[in-house]
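# Structural overview for review
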Amino acid sequence: MSEPLFDRVALIGIGLIGSSIAHNIRAHGLARHIAITTRRAETLKRAEELKLGDSYHLDAAEAVRDADLVILCVPVGSCGAVTKEIAGALEPGAIVSDVGSVKGAVVQQMLPHLPESVHFVPAHPIAGTEQSGPDAGFRELFENRWCILTPPEGTDADAIDRLKRFWEGCGSTVEIMTPDHHDLVLAIVSHVPHLIAYNIVGTAADLETVTQQEVVKFSASGFRDFTRIAASDPTMWRDVFLTNRDAVLEMLARFSEDLASLQRAIRWGDGDTLFELFTRTRDIRRGIIDAGQDTAEPDFGREHGKHEAGTKE
């Protein structure tokens, strides 16, 4: 774009999402200056080696000074402590955001620490891979993916619009909803599927009648997809389940009821029930492809390596 949307963007955390944001800021001219901060010196050094930013800071408060956009790219359980740390250094009029996949808890953690002079616009880019760290990021991560904004009631409309244009500049399609509605939707489309994947892979690993070598050797495509999901960042997903507890438990209860119905159908040889369900679920898959959220190519069109479709959501 001809004029950057922001003068200085501070990225707090430089893992997969933070580094992918940095790549997009650079590629699309979204800001004049990228300030990067992280708590680990070796991670910050690697970000500098990759030339992801323009300045590098171990002190988060120093990084956010003069920034007109601050994005927390940290696990959702850390958002409150980080916000408290940087609150006194935030520039009046700055937009403060995040990338967490839980929104209600993030609002509760961050909002009490933020000065009234800044604009708080939480965000969730629904994109990712199972990789982590500054090397994992790439510019195309957000292309044709959704980014959900969940601004609290009364948030400045211009601030919401600027952040919306920022994420559109990264290639995303932006939707706006309330934090509670976001958490309910993501519980069923992302959080519970991840929990199921973790559980299935853990069960397979624990089975005494099947050695781990056999699990790996005979992995079919379904189990391979589960292992990809179950390889996601443990800290991030621990925090997701603890902070979105109510919505996840509600969706798990519904899932358990439906699973019990399937058990009965299998036990009693009710093929019609199974066929009806499998037909409906195939239609959902086709709808996802038609919406451009995946491809019908073999192996779902996934590339191996860091660009592989994945599991931040």
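So, here's what we can say about the structure.

Turning our eyes to something else, we now look at unusual backbone geometry. In this structure, D66 is a non-glycine residue whose phi angle is positive, near 70°. Here D66 lies in the loop between α3 (60–64) and β4 (69–72). In this structure, N144 takes a positive phi of about 60° despite not being glycine. By the element assignment, N144 lies in the loop between β7 (123–125) and β8 (146–149).

Let us look at the sheet that holds strand β2 (residues 31–37). Taken together, the six strands give an open sheet; going across it, the order is β3-β2-β1-β4-β5-β6, and neighbouring strands pair in parallel fashion. Of all the strands in the sheet, just β3 (55–57) and β6 (119–120) have a single pairing partner and so form its edges. As defined by bridge partners, strand β1 (residues 6–12) adjoins β2 across six bridges and the pair is classed as parallel. Bridged to A10 within β2 is A35. Along the sheet, helix α4 (residues 79–86) contacts β1 and β4; its crossing angle with β4, the most-contacted strand, is approximately 150°.

Let us look at the environment of A60. Summarising the element assignment, A60 is placed in helix α3. The exposure class of A60 is buried, given its relative accessible area of 5%. Between the C-alpha atom of A60 and that of V82, which follows or precedes it by 22 residues, the distance is 8.1 Å. With residues near it in sequence (within four places) discarded, A60 still touches T37, E85 and I86.

Tallied over the full model, the rule gives 14 salt bridges. Here R32 ties to D7 by a salt bridge, and the two come within 2.4 Å at their closest N and O atoms. Here R32, found in strand β2, pairs with D7, found in strand β1; they are 25 residues apart in sequence, far enough to count as distant. On the basis of relative accessible area, R32 is assigned to the partly exposed category, the value being 48%. Judged by its relative accessible area of 43%, D7 falls in the partly exposed class. Sharing partners across several salt bridges, the network here consists of E3, D7 and R32.

So, on to the side chain of S55. With respect to the helices, strands and loops of the structure, S55 is situated in strand β3. Using a relative accessible area of 14% as the deciding quantity, one classes S55 as buried. Here the side chain of S55 touches H33 through a polar contact of 2.8 Å, side chain to side chain.

On to the pairing of strand β5 (residues 95–98). Residues I95 and S97 point to one face of β5 and V96 and D98 to the other, with burial holding for every one of them. Bridge count between β4 and β5: four bridges; the pairing is parallel. Looking at β5, one finds that V70 is bridged to V96. The handedness of the β4 to β5 crossover, carried by α4, is right-handed. Bridge count for β5 against β6 is two bridges, and the pairing is parallel. Looking across to β6, one finds that V96 is bridged to F120.

Moving on, we come to the nonpolar core. A general tendency of soluble globular proteins is for nonpolar side chains to be buried together. Counting 38 residues, the largest nonpolar core has I21, L149, F166 and W167 as its most contacted members. Listed by contribution, the elements that provide at least two residues to this core are β1, α1 (16–28), β2, α2 (41–49), β4, β8 and α6 (157–169). When residues no more than four places from it in sequence are discounted, the contact partners of I21 are L11, I71, C73, V99, F142, F166 and W167. The next biggest cluster of nonpolar side chains, apart from the first, holds 35 residues, and it includes V64, V76, I86 and A105.

A word on α1. In a regular helix each residue adds 1.5 Å, so 13 residues correspond to 18 Å; α1 covers 18 Å between its end C-alpha atoms and thus fits that length. Considered for burial, the residues of α1 that qualify are L16, I17, G18, S19, S20, I21, A22, N24 and I25. Contacts from the buried residues of α1 go to β1, β2, β4, β7 and α6. Trailing α1 by a residue or two, G29 shows a phi angle of about 60°, which is positive.

What follows deals with the packing of aromatic side chains. Considering all chains together, one arrives at four aromatic pairs under this definition. Judged by centre distance (5.7 Å) and plane angle (85°), the ring pair of F166 and W167 falls under edge-to-face. A relative accessible area of 0% means that F166 is categorised as buried. Ring geometry for W237 versus F241: centroids 5.7 Å apart, planes at 40°, classification tilted. Here W237 and its partner F241 are both found in helix α10 (residues 234–243), four residues apart, which amounts to about one turn of the helix. Given the relative accessible area of 1%, W237 is considered buried. Counting every residue linked through ring pairs, the aromatic cluster contains F6, F142, F166 and W167.

Rules used throughout
- Residues numbered from 1 in each chain as written.
- Predicted model: local features only at pLDDT ≥ 70, side-chain atom pairs only at ≥ 80, totals over all residues.
- Heavy atoms only, no water.
- Helix = DSSP H or I, 4+ residues; strand = E, 2+ residues; numbered from the N terminus.
- Pairing = 2+ DSSP bridges.
- Contact = heavy atoms within 4.5 Å.
- Axes fitted to C-alpha atoms, helices over the stretch in contact; angles between N-to-C directions.
- Buried < 20%, exposed > 50% of the residue type's maximum accessible area, 1.4 Å probe, protein only.
- Salt bridge = Lys/Arg side-chain N within 4 Å of Asp/Glu carboxyl O.
- Polar contact = N/O pair within 3.5 Å; in protein donor to acceptor, adjacent residues only side chain to side chain.
- Right-handed = clockwise from strand over helix to strand, strands pointing away.
- Core = buried A, V, L, I, M, F, W, Y, C linked by side-chain atoms within 4.5 Å.
- Expected span 1.5 Å × (residues − 1).
- Phe/Tyr/Trp six-rings, centres within 6.5 Å; stacked < 30°, edge-to-face > 60°.

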